[in-house]
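# Understanding the architecture of this molecule
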Amino acid sequence: MAEENDNSQEKTEEATPRRLEKAKEEGQTARSRELATMAVLMAGAGGLLMFGTSLGAALEGIMRDSFVLERSAIFDTRHMSIQLIASAKEAAWALSPILVVLLIAAIFGSIGIGGLLFSGKAITPKLNRMDPIKGLGRMFSARSLVELVKAIAKVSLVMALAVLILDLRTEDLLSIAEEPAVPAMEHVLWTLGWSFFLLSCATIIVALVDVPFQIYDHQKKLRMTKQEVKDEFKDTEGKPEVKGRIRQLQREMAQRRMMQDVPTADVVITNPTHYAVALKYDQGAMAAPVVVAKGADEVAFKIMEIAREHKVEVLRTPPLARAVYHNTDIGEEIPDGLYMAIAQVLAYVFQLRQFRKGRGPKPGMPDLPIPSDLKRDI
C-alpha cells in the first residue's frame with residue numbers, strides 16, 4: 001500500500017543535489033544532438049571557407065602528379081604504389097586542418113550542455129534495454145513523437161533553405177561550365193563552402209529550440225515526489241530517532257570520560273542541590289585552572305560522590321559554582337574574572353590539607369569576589 005501511494009504522488013519537487021550527483025554518476029545529463037550537429041556542420045562549413053583554397057590547390061597538385069607520368073615510370077612496377085602513398089599523404093595533410101576543426105567542434109558540441117562526463121555505468125549492458133515491450137513503448141512514447149516532429153521540422157527547414165539557395169545561385173552554377181578547369185574548381189569549392197555554410201545556419205534555429213527543451217526534459221525526468229525528498233533527507237541526515245540515540249550515546253561516553261577525570265581534580269566546588277564543578281591546576285603545565293568535569297542535578301551528585309571516594313576536597317561555594325558552571329565548558333580554562341576567586345579556593349584547600357596534617361591553623365573560608373557580569377542567580 002505504501003508503494004502504491006508513493007507511485008501515485010506527482011513529481012513536483014526539483015531534484016536535490018544528491019539526486020543530481022547520482023544522475024551524473026549513472027551518465028544521465030542533458031544532451032542535445034542538434035547542438036552537436038550544428039557545431040560540426042558550422043565548423044565544416046567554416047573550415048571549407050578558410051582552407052578551401054589550399055585544399056583546392058592540393059587536390060590540383062595530386063591530380064596533376066597522378067595523371068602526368070614520365071616514360072620511365074610506365075615500366076616501373078613500384079611507381080603506382082609509391083604514387084598512391086604520396087597522394088594519400090598529401091591529401092591527408094591538406095584535409096588535416098578541416099579534420100582538426102571538425103574534431104574540436106564535435107567535442108565541444110557534445111559537452112555544450114551537461115559538461116564533460118565520464119561514467120562507466122552509462123555503457124554497462126542492461127537487460128531491460130533489450131526488452132521488446134519496453135522498446136515498443138519507447139517507440140510510441142511522447143518523447144518519440146517530439147523527436148519525429150523535430151526531425152520533420154528540421155528537414156523541412158533545410159530543404160526550404162536549399163531550394164532558396166539553388167534558386168539564387170542557378171545562373172552562377174551554370175556559368176562554371178564555361179570557366180577553365182582550375183578557376184572552375186576554385187569556383188565550385190567557393191560555391192559549395194558558402195552554400196554549405198548557409199544550409200548549416202538552419203541548424204542554429206533547430207539548436208536554439210532543442211537546447212532549452214533538452215534541459216527542461218532532463219530536469220523534469222529528475223524531479224522527485226515529496227516522499228522521495230523526505231526519504232533522501234532521512235538517508236542523508238539520518239532518522240531522528242537514530243540521531244537522538246547517537247547523541248545519547250555520545251553524551252554517555254563523554255560523561256564516562258568526564259567522571260574518570262574527577263579523581264585527578266584538586267577541588268570540587270558545588271551548589272549542593274544543583275551544580276558541581278571539578279577544577280584542576282598544574283602550575284607547571286597550565287596557565288590557569290581548568291574545568292575537568294561539571295554537571296547538574298544527578299550528574300552533580302555523582303561528581304561529588306566520586307570526589308569523596310577519592311578524597312578530593314568538596315567545597316560548598318554556590319555563587320562561584322554557578323559562575324564557573326555557566327561560563328566555562330569542560331576542558332576550558334576559567335574566565336579571567338574568576339582568577340582571584342579560584343586562587344583563593346585553591347589556597348584554602350592547600351591550607352586545609354596542611355591543617356589536617358597538623359602543620360598549621362585551621363583556615364577560614366575566604367570571601368570569594370565574583371564580577372557582576374559572571375554572576376548567575378540560578
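Predicted, not measured: the structure shown is a model, and the values here were computed from it. (Residues numbered from 1 in each chain as written. Predicted model: local features only at pLDDT ≥ 70, side-chain atom pairs only at ≥ 80, totals over all residues. Heavy atoms only, no water.)

By size, the foremost hydrophobic cluster in this structure holds 24 residues, and its most contacted members are Ile269, Leu279, Leu320 and Val324. Those elements that provide at least two residues to this core are strand E1 (267-271), strand E2 (275-280), helix H13 (318-327) and helix H14 (339-356). Element by element, the count of residues in this core is highest for H14, at seven residues. Leave out the neighbours within four places in its chain, and Leu320 touches Ile269, Leu338, Ala341, Ile342, Val345, Leu368 and Ile370. Grouped together as the second largest cluster of nonpolar side chains are 16 residues, Met259, Ala265, Val312 and Val314 included. (Core = buried A, V, L, I, M, F, W, Y, C linked by side-chain atoms within 4.5 Å. Buried < 20%, exposed > 50% of the residue type's maximum accessible area, 1.4 Å probe, protein only. Helix = DSSP H or I, 4+ residues; strand = E, 2+ residues; numbered from the N terminus. Contact = heavy atoms within 4.5 Å.)

Looking at the secondary structure, you find Asn271 in strand E1. The residues touching Asn271, leaving out its near neighbours within four places in the chain, are Pro318, Ala321 and Arg322.

Attention shifts here to helix H7 (residues 142-168). With 27 residues, H7 extends 39 Å between its outermost C-alpha atoms, agreeing within 8% with the 39 Å of an ideal straight helix rising 1.5 Å per residue. Residues of H7 that are buried include every one of Glu147, Lys150 and Ile165, and no others. On its buried face, H7 sits against helix H3 (33-67) and helix H9 (181-221). (Expected span 1.5 Å × (residues − 1).)

Strand order in the open sheet formed by four strands is E3-E2-E1-E4, and the pairing between neighbours is mixed. A strand with exactly one partner marks an edge of an open sheet, and here the two such strands are strand E3 (290-296) and strand E4 (313-316). Averaged over all pairs of adjacent strands, the angle between their axes in this sheet comes to 20 degrees, without regard to strand direction. Bridge analysis of E1 against E4 gives four bridges, and the strand direction is parallel. The partner of Thr270 across the bridge, within E4, is Arg316. Each of E1, E2, E3 and E4 is contacted by helix H12 (residues 298-309), which is oriented at about 130 degrees to E3, the strand it contacts most. Relative to the sheet, H13 contacts E1, E2, E3 and E4, its axis offset from that of E1 by approximately 105 degrees. (Pairing = 2+ DSSP bridges. Axes fitted to C-alpha atoms, helices over the stretch in contact; angles between N-to-C directions.)

Inspection of the secondary structure assignment puts Thr317 in the loop between E4 and H13. Once residues lying within four places of it in the same chain are set aside, the contact partners of Thr317 are Ile269, Thr270, Met365 and Leu368.

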